[in-house]
Amino acid sequence: MALESPHRFSVRRPSKSRHPLQEHLTIARQNSDRFIAHRGSMDFDLARYLLTGKEKENTACDTPSKQAYRKELAACLLKDSNIGSKKSRILTFKEKTPSVQDGFLELFSECASTGSVFKSSKSRRYIPQSAERTLDAPDLVDDYYLNLLDWSISNVLCIALGNTAYLWDATQSTTSELMTVDDDVGPITSVNWAPDGRHAAIGLNNSVVQLWDSSTNKQLRTLRGHSARVGSLSWNAHILTTGGLDGFINNHDIRKRESIVQTFRGHEQEVCGLKWSLSGQQLASGGNDNLLHIWDKSMSSSNGVTRYLHRLDEHRAAVKALAWCPFQSNLLASGGGSADRCIKFWNTQTGACLNTIDTNSQVCSLLWNKHERELLSSHGFSQNQLTLWKYPSMVKIAELTGHTSRVLHLAESPDGYTVASAAGDETLRFWQVFGTPVTLKRTKSKDPAGAFNNFLTNIR
């Protein structure tokens, strides 16, 4: 009567009729008690054969049928590899194990609007860490509340340096002077291109705004209505909106002799940020009173003062940096000054604050990427950097350094790939932060006989 083995499974001697390979596989199963957490990428059939198939055997007694069986089994398991080769690996990954860095980069590239990180990774674009080009900008006024840089759809950059406005043609890489003013009028406090890419509005320290034709370098008109300097400008078709140190916001219809058609009153101090939405239906204004106002075009009054749609007071410093989202019409990003240091995102229909990010430095300017869900911010002390954020996760993609003073202004090229930054260190730098630029041809006005030419003959 056979005695039971103290082990869980009874050990029996193999009979003479059992195949030698079966004997080895049985013994391996009985002695395999090691736990391995993850075996999904291991070929156990191959490993077991390599471990057990080369035990010392008396192969001289094998019959031709046994030798043929062993040869066929080796061909199936090893797939034409050399059984005796020292290069054959046991219990190895079939594919190269992904590194921690590769895994992080894949996760990082996918954490965006959908929130899903389990998609296949997209090709990651290269972001140069240094400026592509650096130009001198002497006499650039180091004033947080001014707006002295803009890039037209004709691919011409306008920058105000002291009392003079200069044009840099990005297509030809040439520089020219647009206009200059006397000391009792200047310095220039704001510049903004009209939608046609030909006419420019120039705000001055003496409270007036001048309209200039960049093709002829001639002044076309002077707009009045403020009692102090005009530090912010924004176009909406034929309407030029101006914001002044007096806290007023005026809408000028350049087709009319009496240009002011609406006045917005809501700020108690200087209006330092103005941006019309891409649809032209809403206007965002930021002030030195730490307030952000949203104005709706449908609420405009032609015979009185227009009230704001929303009064947003969550910033703790001046609100200059404003940027409307290109892929969501009612999404606005705003940035606060040195006592606030935050970027906030707003639903301008409801007035709700969607998210707040503390950047740990003064937010001077904001730009959305037209091609990806990304936001670029420029900052002051202590790093004076440009920071690229992924939206909506607000994970930092890159930080670009090089300026030695606060980066006051940002402007985006017409193709949406190159960004120009102007800082208090009196330099103008160009960054390929949004991708590889394409060759641009000079864009002509869509309406050459439209509003900007009509008022030349009607109003002199």
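Counting restarts for each chain, with residues numbered from 1 along the sequence as it is written. Where local features are concerned, this predicted model is filtered to residues with pLDDT of at least 70; where side-chain atom pairs are given and counted, the filter is 80 or more; whole-chain, interface and lining totals use all residues. Calculated side-chain values reflect all of the structure's heavy atoms, with hydrogen atoms and water omitted.

J.: What exactly am I supposed to notice about the overall build of the chain here?
T.: Tallying secondary structure elements over the chain gives five helices and 29 strands in all. Each residue is placed in one exposure class: buried if its accessible area under a 1.4 Å probe, protein chains only, is under 20% of its type's maximum, exposed if it is over 50%, and partly exposed if it falls in between. In the chain, which comprises 460 residues, the share counted as buried stands at 48%. Of the contacts made within the chain by residues no fewer than 6 positions apart, 48% connect residues no fewer than 24 positions apart. In this text, helices come from DSSP runs of H or I with a minimum length of four residues, and strands from runs of E with a minimum of two, each type numbered from the N-terminal end. Whether two residues are in contact is decided by their heavy atoms: any pair within 4.5 Å suffices.

J.: What should I look at first to understand the pattern of salt bridges in this one?
T.: For side chains bearing opposite charge, pairing can occur when the charged atoms are close. A pair is scored as a salt bridge if a Lys or Arg side-chain nitrogen falls within 4 Å of a carboxyl oxygen belonging to Asp or Glu. The tally for this structure, following the rule as stated, stands at ten salt bridges. Of the charged contacts in the structure, one is a salt bridge between D142 and R406, with a shortest N-O distance of 3.0 Å. Separated by 264 residues along the polypeptide, D142 in the loop between β1 (133–136) and β2 (149–151) and R406 in the loop between β26 (395–400) and β27 (407–412) bring together distant segments of the chain. Judged by relative accessible area, which is 22%, R406 ranks as partly exposed. Of the charged contacts, one joins D253 and R255 as a salt bridge, the two residues approaching to 3.0 Å between their closest N and O atoms.

J.: When you look at the packing of aromatic side chains in this model, what are you seeing that I'm missing?
T.: The way to describe two aromatic rings as a pair is by their centre distance and the angle between their planes. Geometry of aromatic contacts follows a simple scheme: Phe, Tyr and Trp rings, the Trp one being its six-membered ring, pair when their centres are within 6.5 Å, and the pair is stacked under 30 degrees between planes, edge-to-face over 60, tilted otherwise. For the structure on display, the rule yields ten aromatic pairs. Between F327 and Y391, the ring centres sit 6.2 Å apart and the planes meet at 50°, which makes this aromatic pair tilted. Note that F327 is positioned in the loop between β19 (319–324) and β20 (331–336) and Y391 in the loop between β25 (386–390) and β26, a separation of 64 residues in sequence. You can call Y391 buried: its relative accessible area is 11%. Summarising the aromatic geometry, the rings of W368 and Y391 are spaced 5.3 Å apart at their centres and angled 80° between planes, so their arrangement reads as edge-to-face. Here W368, found in strand β23 (residues 363–368), pairs with Y391, found in the loop between β25 and β26; they are 23 residues apart in sequence, far enough to count as distant. For W368, a relative accessible area of 4% translates into the label buried. Aromatic ring contacts, followed pair by pair, group F327, F345, W368 and Y391 into a single cluster. Over a ring means this: the NZ of a Lys or the CZ of an Arg is within 6 Å of the ring centre and within 35 degrees of the ring normal. In this structure, R307 packs its charged tip against the face of Y308, placed 4.9 Å from the ring centre.

J.: What is the right way to look at the pairing of strand β5 (residues 174–180) in this model?
T.: Looking along a regular strand, one sees the side chains alternate between the two faces of the sheet. In terms of strand pairing, strand β4 (residues 164–169) meets β5 through six bridges, oriented antiparallel. Among the inter-strand pairings, T164 is bridged to a residue of β5, identified as T180. Whether two strands pair comes down to DSSP finding at least two bridges between them. Taking the residues between adjacent antiparallel strands as the criterion, β4 and β5 are bridged by four residues, where S173 takes a positive phi near 55°.

J.: Can you walk me through the UniProt feature "repeat: WD" (unreviewed entry) in the chain in this structure?
T.: UniProt positions are given in the numbering used here, feature names are shortened, and annotations may be inferred rather than shown by experiment. The sites that carry the UniProt feature "repeat: WD" (unreviewed entry) are, in the present numbering, residues 181–222, 264–296 and 400–433. Taken end to end, residues 264–296 is 0% helix and 58% strand, and its first and last C-alpha atoms sit 11 Å apart. Taken end to end, residues 400–433 is 0% helix and 50% strand, and its two terminal C-alpha atoms sit 9 Å from one another.

J.: Explain the sheet that holds β5 to me, please; I cannot follow it from the model alone.
T.: Hydrogen bonding along the main chain pairs the strands of a sheet, whether they run parallel or antiparallel. With respect to topology, four strands assemble into an open sheet ordered β2-β3-β4-β5, the strand pairing being antiparallel. A strand with exactly one partner marks an edge of an open sheet, and here the two such strands are β2 and β5. On average, each strand axis in the sheet is inclined to that of its neighbour by 20°, with strand direction left out of account. Where strand β3 (residues 156–161) lies against β4, six bridges are found, and the strand directions are antiparallel. Within β4, the position partnered with L157 by the bridge is W168. Orientation is described by axes fitted as lines to C-alpha atoms, over the contacting stretch for helices, and by angles from 0 to 180 degrees between their N-to-C directions.

J.: Teacher, can you tell me more about the nonpolar core here?
T.: Most often, soluble globular proteins have nonpolar side chains that are buried together. For our purposes a nonpolar core is just a set of buried Ala, Val, Leu, Ile, Met, Phe, Trp, Tyr and Cys residues, chained together by side-chain atoms within 4.5 Å. Of all hydrophobic cores here, the largest spans 32 residues; its most connected members are L157 and I202. For this core, the secondary structure elements donating two or more residues are β2, β3, β4, β5, β6 (188–193), β7 (199–204), β28 (419–423) and β29 (427–431). Ranked by the residues each element gives to this core, the list is headed by β3, at six residues. Beyond its immediate chain neighbours, meaning those up to four positions away, L157 contacts L149, D150, W151, Y166, L167, W168, W193, A411, A420, L428 and F430.

J.: Can you help me understand the environment of C325 in this one?
T.: Within the element layout of this structure, C325 appears in the loop between β19 and β20. In contact with C325, other than residues within four places in its own chain, are L278, L331 and W368.

J.: Would you take a moment to explain the sheet that holds strand β9 (residues 218–223) for this structure?
T.: In spatial order, the strands read β6-β7-β8-β9; together these four strands make up an open sheet with antiparallel pairing. In this open sheet, the two edge strands, each paired with only one partner strand, are β6 and β9. The average angle at which neighbouring strand axes cross in this sheet is 25°, direction not considered. Two strands pair when backbone bridges link them, and strand β8 (residues 209–213) and β9 are joined in this way by five bridges, in the antiparallel orientation. Across the sheet, the residue bridging to Q210 is T222, located in β9.

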